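Below are the chains, spelled out letter by letter.
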Amino acid sequence: MNAQRDIRGVLITVTNGRLLLPNANVAEVITFSDPDAVENAPEWLLGRVRWRGWRLPLISFSRMAGWSQEDGHLGAKVAVLKALGNNPKLPFFAVLSQGFPRLVTVSTATLAESHDMKDLPLGVHSRVTLNDDPASVPDLMSLELLIQKAMGEDKAA
């Protein structure tokens, strides 16, 4: 059985770029509100936002990847993502989004890799084109480790 199945994806627009994720990774999209500051945080860690009883780290993917030092907040949304690292202190994290993420269908016919491995910015697993539109696939495991380190939670329990 070798048939490829289409998967549902989500395109998240960030300043100067787009992220492509499996739909299953996005828990919810919420309205942006000013995050609570995190002491000694790198510039890409914008702070913590409240969501369903959690205080989630909010990141600017554009700042982390070096795409932009500014983040537009007019109409900004926050995409709450499910973490993959099985860290009970970090089951979710949030990414600043410009507007609502868009549902897309991803198939082998519409998706192509388009990069050289050594040219990938921090936090990016691969660059792709989906229906000839450029996007980046984030490296979620690396993002989680970077967030934990930035929040001082990288020490072994």
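Located above this text is the structure these notes cover.
Each residue is numbered by its place in its chain's sequence as written, counting from 1. Where totals are concerned, whole chains, interfaces and linings use all residues; where local detail is concerned, this predicted model gives features only for residues with pLDDT of at least 70, and gives and counts side-chain atom pairs only at 80 or more. To obtain the side-chain values, all non-hydrogen atoms of the structure were used and water was disregarded.

(A) Inspection of the pairing of strand S5 (residues 54-59) at higher detail. Pairing between strands is defined by DSSP: at least two bridges between them are needed. Only DSSP runs of H or I covering at least 4 residues are called helices, and only runs of E covering at least 2 are called strands; the numbering of each starts at the N terminus. Where strand S4 (residues 45-51) meets S5, six bridges bridge the pair, whose relative direction is antiparallel. Bridge pairing in S5 places Leu45 opposite Ile59. Here S4 folds back onto S5 in antiparallel fashion, the turn holding two residues, of which Arg52 has a positive phi close to 50°. Inspection of the sheet shows S5 paired to strand S7 (residues 92-98) by two bridges, in the parallel sense.

(B) Geometry of helix H2 (residues 140-150). Only protein chains enter the accessibility calculation, which uses a 1.4 Å probe. A residue is then buried if its area is under 20% of the maximum for its type, exposed if over 50%, and partly exposed in between. Within H2 the residues assigned to the buried category are Leu140, Leu143, Glu144, Ile147, Gln148 and Ala150. Seen along its axis, H2 keeps its buried residues to an arc of 165°; they face one direction. Turned more than 90 degrees away from the buried face of H2 sit Leu145 and Lys149, all of them exposed. Positive backbone phi, at 70°, marks Gly152, one or two positions downstream of H2. By definition, the arc is the one covered by directions from the helix axis to the C-beta atoms.

(C) Looking closely at the sheet that holds S4. With respect to topology, five strands assemble into an open sheet ordered S3-S6-S7-S5-S4, the strand pairing being mixed. Bordering the open sheet on either side are strand S3 (26-31) and S4, each of which pairs with just one other strand. Direction aside, the axes of adjacent strands within the sheet are offset by 35° on average. Relative to strand S6 (residues 76-82), S3 runs antiparallel, the two sharing five bridges. Opposite Glu28, over in S6, you have Val80 as the bridge partner. Each of S4, S5, S6 and S7 is contacted by H2, which is oriented at about 105° to S7, the strand it contacts most. Axis geometry follows a simple rule: fit a line to the C-alpha atoms, using only the stretch in contact for helices, then measure angles between N-to-C directions, giving values from 0 to 180 degrees. Contacts were defined at the residue level, with two residues in contact if any of their heavy atoms lie within 4.5 Å.

(D) Highlighting the packing of aromatic side chains. Classification of ring pairs rests on two measures: the distance between centres of Phe, Tyr or Trp rings, Trp counted by its six-membered ring, which must be within 6.5 Å, and the angle between planes, read as stacked under 30 degrees, edge-to-face over 60 and tilted in between. Counting across every chain of the model gives two aromatic pairs. Here Trp51 and Phe92 contribute two aromatic rings whose centre-to-centre distance is 4.8 Å and whose plane-to-plane angle is 70°, an arrangement assigned as edge-to-face. Note that Trp51 is positioned in strand S4 and Phe92 in strand S7, a separation of 41 residues in sequence. Across the pair, exposure class does not vary: Trp51 and Phe92 are buried alike. Taking the centre distance of 5.5 Å and the plane angle of 55° together, the rings of Phe61 and Trp67 count as tilted. On the basis of relative accessibility, which here comes to 1%, the residue Phe61 falls in the buried class.

Honestly, that's just the spatial picture; any functional story needs more than this.
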